[in-house]
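Listed below are the residues making up each chain.
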Amino acid sequence: MAALLADDRAIVERILTHIDRNTTDLSAGIWREPVDHYISQPRFSAEIERVLRLSPTPFCPSAALPEVGSYVAREAALTPIVAIRGHDGVVRAFRNVCRHRGVQLVDGSGCKPALTCRYHAWTYGLDGRLRGIPDAHGFPGLDKTKYGLVPVRTLEAHGLVFVTQDEPEIPNAEISALPDLFGADWRLYTTTAQEVAANWKIVAEGFLEGYHIRSTHAETFYPRQYDNLNVVEAFGRNSRVSFPYRRIEKLRAIPAAERTAAGMLTYVYHLFPNVMLATFPTNVIMTVLEPKAADRTRLVTYTLSNMAGHQEGRTAIAQGRDFVAAGAVEDRDMACAAQRGLGARANDAFTFGLFEGAIRHFHQNLEAVLGPDRGRGARVELAPTPC
Ligand code: FES
Ligand SMILES: [Fe+2]
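The shown structure was predicted, so the numbers you read here are calculated from the model rather than taken from an experiment.

Criteria and cut-off values
Residues numbered from 1 in each chain as written. Chains lettered and ligands numbered in written order. Predicted model: local features only at pLDDT ≥ 70, side-chain atom pairs only at ≥ 80, totals over all residues. Heavy atoms only, no water. Helix = DSSP H or I, 4+ residues; strand = E, 2+ residues; numbered from the N terminus. Rg over C-alpha atoms; globule rule 2.2 N^0.38 Å. Buried < 20%, exposed > 50% of the residue type's maximum accessible area, 1.4 Å probe, protein only. Contact = heavy atoms within 4.5 Å. Core = buried A, V, L, I, M, F, W, Y, C linked by side-chain atoms within 4.5 Å. Domains from an automatic or database assignment. Salt bridge = Lys/Arg side-chain N within 4 Å of Asp/Glu carboxyl O. Donors = N, O, S within 2.8 Å, 3.2 Å for Na, K, Ca; no water. Tetrahedral: all angles 85-135°; square planar, octahedral: opposite > 155°, others 65-115°. Pairing = 2+ DSSP bridges. Axes fitted to C-alpha atoms, helices over the stretch in contact; angles between N-to-C directions. Buried area = accessible area lost by both parts, 1.4 Å probe. Polar contact = N/O pair within 3.5 Å; in protein donor to acceptor, adjacent residues only side chain to side chain.

## Topic: the overall build of the chain
Here's step 1: Each helix and strand counted, the chain has 8 helices and 19 strands in total.
Here's step 2: What you see for the chain is a C-alpha radius of gyration of 22 Å, in line with the 21 Å of a compact globule of 387 residues.
Here's step 3: In terms of overall dimensions, the chain has a C-alpha envelope of 80 × 55 × 35 Å along the principal axes.
Here's step 4: Looking at the chain residue by residue over its 387 residues, the buried ones come to 50%.

Given below as structure tokens:
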């Protein structure tokens, strides 16, 4: 299924043709998405329960768990989850909750030989088994084998750790369609997080089209990139949008067979439903859009690189990341502005045009997963929230 994505040479060819013709990829039709889908509480709950908890969702990069005992803990679909690498090298994920009286076990990331609860110090092994209870005679007859951490389905593939909370199996076919973006020498450079006062789908949409480059990113991305010139591909429920840099024109002087896309464009991979992987000359940025409420999203951003081993590389990574961060601020402003506009009742639906085909693909797949009722329910009015 990975072959559904064109190779670099074909992508470069399509981009150069678009430059010559002043065109871009077009989708098969426009898409109208009801604004209720961004503000309704029943719809939000349906997305959490039927999409985000049932889909195999990338939880973190493998590089965030480099050694035995490395862990990453955060919420996924409103559920505290911890992923941790065991003594056998396997990554397992659990509901991040003590089996005694339910205290969340760990926060953030780090490395531990075992997980010990802060409240009464019950201790769990890296495999989730309950190993120790202080003053265990206070729990006569308690079968420790029944009090291990509650696991969630976990799969490590393509340099990513996937979790599926409420499904008995992770459908592997979907994951095997993904490309390999990270070699063994890729390391986690930084992890950052921030909240945005917008629905998670509005934030996602901002990654998936280049129609706004000139007007939103006039002084950041536009001087280096084309406006509204993209190649859009779908693979399974996922998509990939290519954003070419102006310097790609230099490739015209190179025979087609020798061209590569490295340093000439950004690929944005949308891994359904809520993860974006964006490639840059010095790094790859993985952004998890974690829905917190119908009008609030937490963005967790992992920056990875294979150049962090020397000072020159670290400087280049930091410069590239700062450049992208400046554009990302502009995208978040637009997401918040769109969210504030939802309550104005000017639109019954958002209209996505032919340039916004990756967003159409996203909504078509959401609709397919949610089923015929699409999580419809009573409209909930939300007060505008300042960003
Ligand atoms: S709640 Fe964790 S040990 Fe008591
Ligand atoms: Fe943008």
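## Here we look at the side chain of His361
Here's step 1: Note on placement: His361 falls in helix H8 (residues 357-370).
Here's step 2: Contacts of His361, omitting those with residues within four sequence positions, involve Ala234, Gly236, Arg237, Asn238 and Ser239.

## Regarding the nonpolar core
In globular proteins that are soluble, nonpolar side chains generally tend to be buried together.
Here's step 1: Residues Ile248 and Leu277 are the most contacted members of the largest nonpolar core, which totals 50 residues.
Here's step 2: No other element matches the 5 residues that helix H1 (residues 8-21) contributes to this core.
Here's step 3: Looking at which domains feed residues into this core, each of domain 1 (2-54 + 185-370) and domain 2 (59-170) gives three or more.
Here's step 4: In contact with Leu277, not counting residues within four places along its chain, are Leu160, Leu181, Phe182, Tyr267, Val268, Tyr269, Leu271, Val284, Ile285 and Met286.
Here's step 5: Val196, Phe221, Val241 and Leu366 belong to the second largest nonpolar core, which has 43 residues in total.

## Remarks on the pattern of salt bridges
Here's step 1: One pass over the structure, following the stated rule, counts 18 salt bridges.
Here's step 2: Arg92 serves as the salt-bridge partner of Asp88, at 2.5 Å between the closest nitrogen and oxygen.
Here's step 3: Among the residues examined, Arg92 registers a relative accessible area of 23% and is labelled partly exposed.
Here's step 4: In this structure, Glu233 engages Arg240 in a salt bridge whose closest nitrogen and oxygen atoms are separated by 2.8 Å.
Here's step 5: Each member of the salt-bridge network shares a partner with another, and the members are Glu33, Arg43, Glu47 and Lys201.

## As for the coordination of the iron ion (ligand 2)
For a metal with four donors in a tetrahedral arrangement, the ideal angle between donors is 109.5 degrees, while six donors in an octahedron ideally sit at 90 or 180 degrees.
Here's step 1: Surrounding the iron ion (ligand 2) are the protein donor atoms His212 (NE2), His217 (NE2), Asp331 (OD) and Asp331 (OD), which sit 2.0 to 2.6 Å from the metal.
Here's step 2: Around the iron ion (ligand 2), the 4 donor atoms are arranged such that angles at the metal cover 55 to 151°; this shape is classified as irregular.
Here's step 3: In primary sequence terms, the donor set of the iron ion (ligand 2) follows H-x4-H-x113-D.
Here's step 4: The exposure class of His217 is buried, given its relative accessible area of 0%.

## With respect to the sheet that holds strand E3 (residues 70-76)
Here's step 1: One open sheet holds the 7 strands; their spatial order is E2-E11-E10-E5-E4-E3-E6, and the pairing between them is antiparallel. For this open sheet the edge positions go to strand E2 (57-61) and strand E6 (108-111), each flanked by a neighbour on one side alone. Across the sheet, the mean angle from the axis of one strand to that of its neighbour is 25°, orientation sign disregarded.
Here's step 2: Relative to strand E11 (residues 160-164), E2 runs antiparallel, the two being bridged by 4 bridges. Looking at E11, one finds that Pro58 is bridged to Phe162.

## A few points about the domain arrangement of the chain
Here's step 1: For the chain, the assigned domains read domain 1 (2-54 + 185-370) and domain 2 (59-170).
Here's step 2: In this structure, domain 1 and domain 2 have C-alpha centres spaced 32 Å apart.
Here's step 3: Domain 1 puts 19 residues into the contact, and the matching count from domain 2 is 17 residues.
Here's step 4: Between domain 1 and domain 2, roughly 1400 Å² of surface is buried when both sides are summed, and carbon and sulfur atoms account for 63% of that area.
Here's step 5: Contact with domain 2 buries area across many residues of domain 1, yet Arg53, Leu54 and Tyr302 alone supply 40% of it, more than any other trio.
Here's step 6: The tally of links between domain 1 and domain 2 comes to 2 salt bridges.
Here's step 7: Residues Glu290 and Arg74 are paired through a salt bridge, measuring 2.9 Å at the closest nitrogen-oxygen approach.

## Considerations on the environment of Arg99
Here's step 1: Within the secondary structure, Arg99 is located in the loop between strand E5 (91-95) and E6.
Here's step 2: Through-space distance from the C-alpha of Arg99 to that of Pro42 is 30 Å; in sequence the pair is 57 residues apart.
Here's step 3: When sequence neighbours within four positions are dropped, the list of residues in contact with Arg99 reads Trp122, Tyr124, Lys146, Tyr147, Gly148, Leu149 and Val150.
Here's step 4: Engagement of the side chain of Arg99 in a polar contact is seen with the backbone oxygen of Gly148, the distance being 2.8 Å.

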